[in-house]
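Descriptive structure summary
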Amino acid sequence: MAKTKWALDPAHSSVDFSVRHMMIANVKGTFNSFNAVIEADPADLTTASIEFTVETSSVDTRNADRDGHLVSADFFDVENHPTMTFKATNIEKTDEGEYKVTGDLTLRGVTKQETFEVTFEGQGKDPWGNEKAGFSATGSLNRSDYGLVWNTALETGGVLVGDKVKINLQIQAAKAE
């Protein structure tokens with residue numbers, strides 16, 4: 001298949017994360033508003049063009065107080081940095097349907113190179129004849145690399161919020177006309 005444009009299907013996609021809390025558990029969250037510009041041959045992503053944008057104000061951890069803190073200047077600072085972006089710069093095939101996608105991640109005005117493990121999950125037509133493709137991606141980043149350094153020391157030792165943030169994306173895209 002030739003390289004074609006794909007439109008993100010937000011109803012069948014998710015951008016999730018988890019981070020250590022109090023050094024004893026993981027807190028999960030999601031972003032409810034995001035978009036991608038994808039130009040790819042799903043059978044061979046090595047030539048793909050991938051740009052992803054997340055609206056940081058759409059963070060949802062199922063706790064309004066925590067979400068309010070996350071959008072503040074202590075964390076995402078959405079007033080000055082309303083989006084987080086990722087633009088792929090190198091895509092390497094590691095196995096059948098498996099890739100390492102490296103690119104520039106910009107969060108809170110800081111750009112760093114990050115790599116995600118991406119799996120092509122499959123392709124097919126939906127009941128209305130639309131061509132769909134599915135992908136999953138996992139990775140992690142250190143939030144302090146992006147200036148997200150707010151924390152509180154615990155009486156028992158350690159800190160309230162871990163530095164490593166695990167990322168999990170489930171993406172379904174429709175072939176654009």
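These remarks concern the structure in this document. Think of each chain on its own: its residues are numbered from 1, step by step along the sequence as written. Given that the model is predicted, a residue must reach a pLDDT of at least 70 before its local features are reported, and side-chain atom pairs must reach 80 or more before they are shown or counted; all residues, however, enter totals for whole chains, interfaces and linings. In computing side-chain values, all of the structure's heavy atoms are included and hydrogens and water are not.

Bringing the environment of Val110 into the picture now. Summarising the element assignment, Val110 is placed in strand E9 (residues 110-125). Classification of residues uses two cut-offs on accessible area relative to the type maximum, computed with a 1.4 Å probe and protein chains only: under 20% is buried, over 50% is exposed, and between them is partly exposed. Judged by relative accessible area, which is 26%, Val110 ranks as partly exposed. Sequence spacing of Val110 and Asp60 is 50 residues, and the spatial spacing of their C-alpha atoms is 22 Å. Here, residues are in contact when the closest pair of their heavy atoms is within 4.5 Å. If sequence neighbours within four positions are ignored, Val110 has contacts with Leu105, Asp145 and Tyr146. Runs of E in the DSSP output that reach at least two residues are strands. Runs of H or I that reach at least four are helices, and both are numbered from the N terminus.

Before going further, it helps to examine the pairing of strand E10 (residues 131-142). Two strands are said to pair when DSSP picks up at least two bridges between them. Looking at chain direction, E9 and E10 are connected through eight bridges and run antiparallel. Directly across from Gly124, in E10, lies its bridge partner Lys132. The antiparallel hairpin formed by E9 and E10 contains five residues in its connecting segment, where Gly129 sits at a positive phi of about 90 degrees.

Bringing the environment of Ala64 into the picture now. With respect to the helices and strands, Ala64 occurs in helix H1 (residues 64-71). With a relative accessible area of 65%, Ala64 lands in the exposed category. Spatially, the C-alpha atom of Ala64 lies 23 Å from that of Asn35, the residues being 29 residues apart in sequence.

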